[in-house]
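Examination of the molecular architecture
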Amino acid sequence: MEINLKKLEHIMSNFFTKEDSLYRNIADNIYLFYMFSIMLNENVSNYDNAIFEVDTITKKSFLENIEIIKNYYKKNNICLDVDSLIERGNIDYIYSDKENFCFTTGKNYYKNGHKLIDTCNNGFLTDSVVLIHELSHYRNQTDEGRSPVNDLFTEGLAIADELHFLDYLSDIGYEEDVNLFKNYIYCVCAILAKEAESIFRLAYLYSELSSLSKESYKFWYEDDSAYEKDIETIKNFISNKKDPLIFSWAVMGYCLGTYMYIEYKKDTKFYERLRWWHELISNCDVYECLSFIGLKCLNNKDL
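This write-up is about the structure you can find in this document. (Residues numbered from 1 in each chain as written. Predicted model: local features only at pLDDT ≥ 70, side-chain atom pairs only at ≥ 80, totals over all residues. Heavy atoms only, no water.)

Attention shifts here to helix α3 (residues 30-44). Counted at 1.5 Å a residue, the expected span for α3 with its 15 residues is 21 Å, and the 21 Å between its end C-alpha atoms agrees. Burial of α3 is extensive: twelve of the 15 residues sit out of reach of the surface. Of the residues making up α3, those classed as buried are Ile30, Leu32, Phe33, Tyr34, Met35, Phe36, Ser37, Ile38, Met39, Leu40, Asn41 and Val44. (Helix = DSSP H or I, 4+ residues; strand = E, 2+ residues; numbered from the N terminus. Expected span 1.5 Å × (residues − 1). Buried < 20%, exposed > 50% of the residue type's maximum accessible area, 1.4 Å probe, protein only.)

Moving on to the nonpolar core. Within the largest apolar cluster, 93 residues are counted, with the highest numbers of intra-cluster contacts made by Leu135, Phe153, Phe165, Leu169, Leu256, Met260 and Trp277. Of the residues forming this core, the biggest block, 16 residues, is contributed by helix α8 (residues 175-209). Leave out the neighbours within four places in its chain, and leucine 256 touches Phe36, Phe153, Gly156, Trp277, Leu290, Ile293 and Leu295. (Core = buried A, V, L, I, M, F, W, Y, C linked by side-chain atoms within 4.5 Å. Contact = heavy atoms within 4.5 Å.)

On to the packing of helix α1 (residues 5-17) against helix α2 (residues 21-28), then. In contact at an axis separation of 8 Å, α1 and α2 are set at 110° when each is read in the N-to-C sense. As summarised for this structure, α1 and α2 are arranged roughly perpendicular, according to the angle between their axes. Residues Phe15, Phe16 and Thr17 of α1 pack against Tyr23, Arg24, Ile26 and Ala27 of α2. Looking at the contact of α1 with α2, its residues break down into five nonpolar, one polar and one charged. (Axes fitted to C-alpha atoms, helices over the stretch in contact; angles between N-to-C directions. Parallel < 35°, antiparallel > 145°, perpendicular 65-115°, else oblique. Nonpolar A, V, L, I, M, F, W, Y, C, P; charged D, E, K, R; others polar.)

Our focus in this paragraph is the layout of surface pockets. Taken as a whole, the largest pocket holds about 950 Å³ of empty space. In terms of lining, the largest pocket is formed by 35 residues, of which the most central are His133, His137, Glu155, Ile246 and Trp249. Broken down by secondary-structure element, the contributors of at least two residues to the lining of the largest pocket are α2, β2 (106-111), α6 (126-139), α7 (148-171), α8 and α11 (244-266). Partitioned by chemical class, the residues of the lining of the largest pocket number 20 nonpolar, nine polar and six charged. (1 Å grid on protein atoms, 1.4 Å probe; cavity = no way out; pocket = protein on both sides within 12 Å on 5 of 7 lines; lining within 4 Å. Points joined across faces, edges and corners; volume = space filled by probe spheres on them.)

Below is the structure:
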């Protein structure tokens, strides 16, 4: 199906008028997403596609990875009984064959009133990183379900906890594995960031002028040199039927997660803010949550 400008504007209009609370949360904060997409692209644009050699990764069984996670939680005074979660069936694992190998397969979800985790079990140390990420989601997942604000920020916390855990793995002797994994993540992030900046630039334009024309683009941004690239990017996004919720979730997560990790590296006391944030994102609004971690203004300079 040919996607012309009129069709694009119709799709954009539908997005901004959806009543679903999760979509509204993105639409109502579209400028925030645009600013984050710029910041993300600026920080990871130099990374190329990662080549990840499976044979170079340290082998670890599921139980060995669980022991590493338990020791990490004990060291950082995180009260979460991982053994009980496994015994009760809250954690299940999935396998991937070598041809379809993925280092980041995992999800956290509700089913029949229960909080559940599926996580990859490929027999490598990197499986522990994925499980730490999903356990982070579990820690701020309420029994009643996620609020729109909680849903917006939980990925950021999971990325921050993941990066903090990677530091721990380096400290206990797995620095080479950590460097490989980080490079892989940053390369995936770089692909996402390029796409995100184009899409959110157009979304922000539409939110302000209800138009995606080149004339509107030039008027609003005072430069239309990236217009054709942005239009082609959003056409491909739509043609490939990508989910705007998951896409936006990832952009927010990578930006906030890396920001919080950097703040922690500046001052280790910031880690206490991460611990508190697990509770705050279920009880505060967007701007209160951002203010708590030092993001009080929403312009590009402050971000």
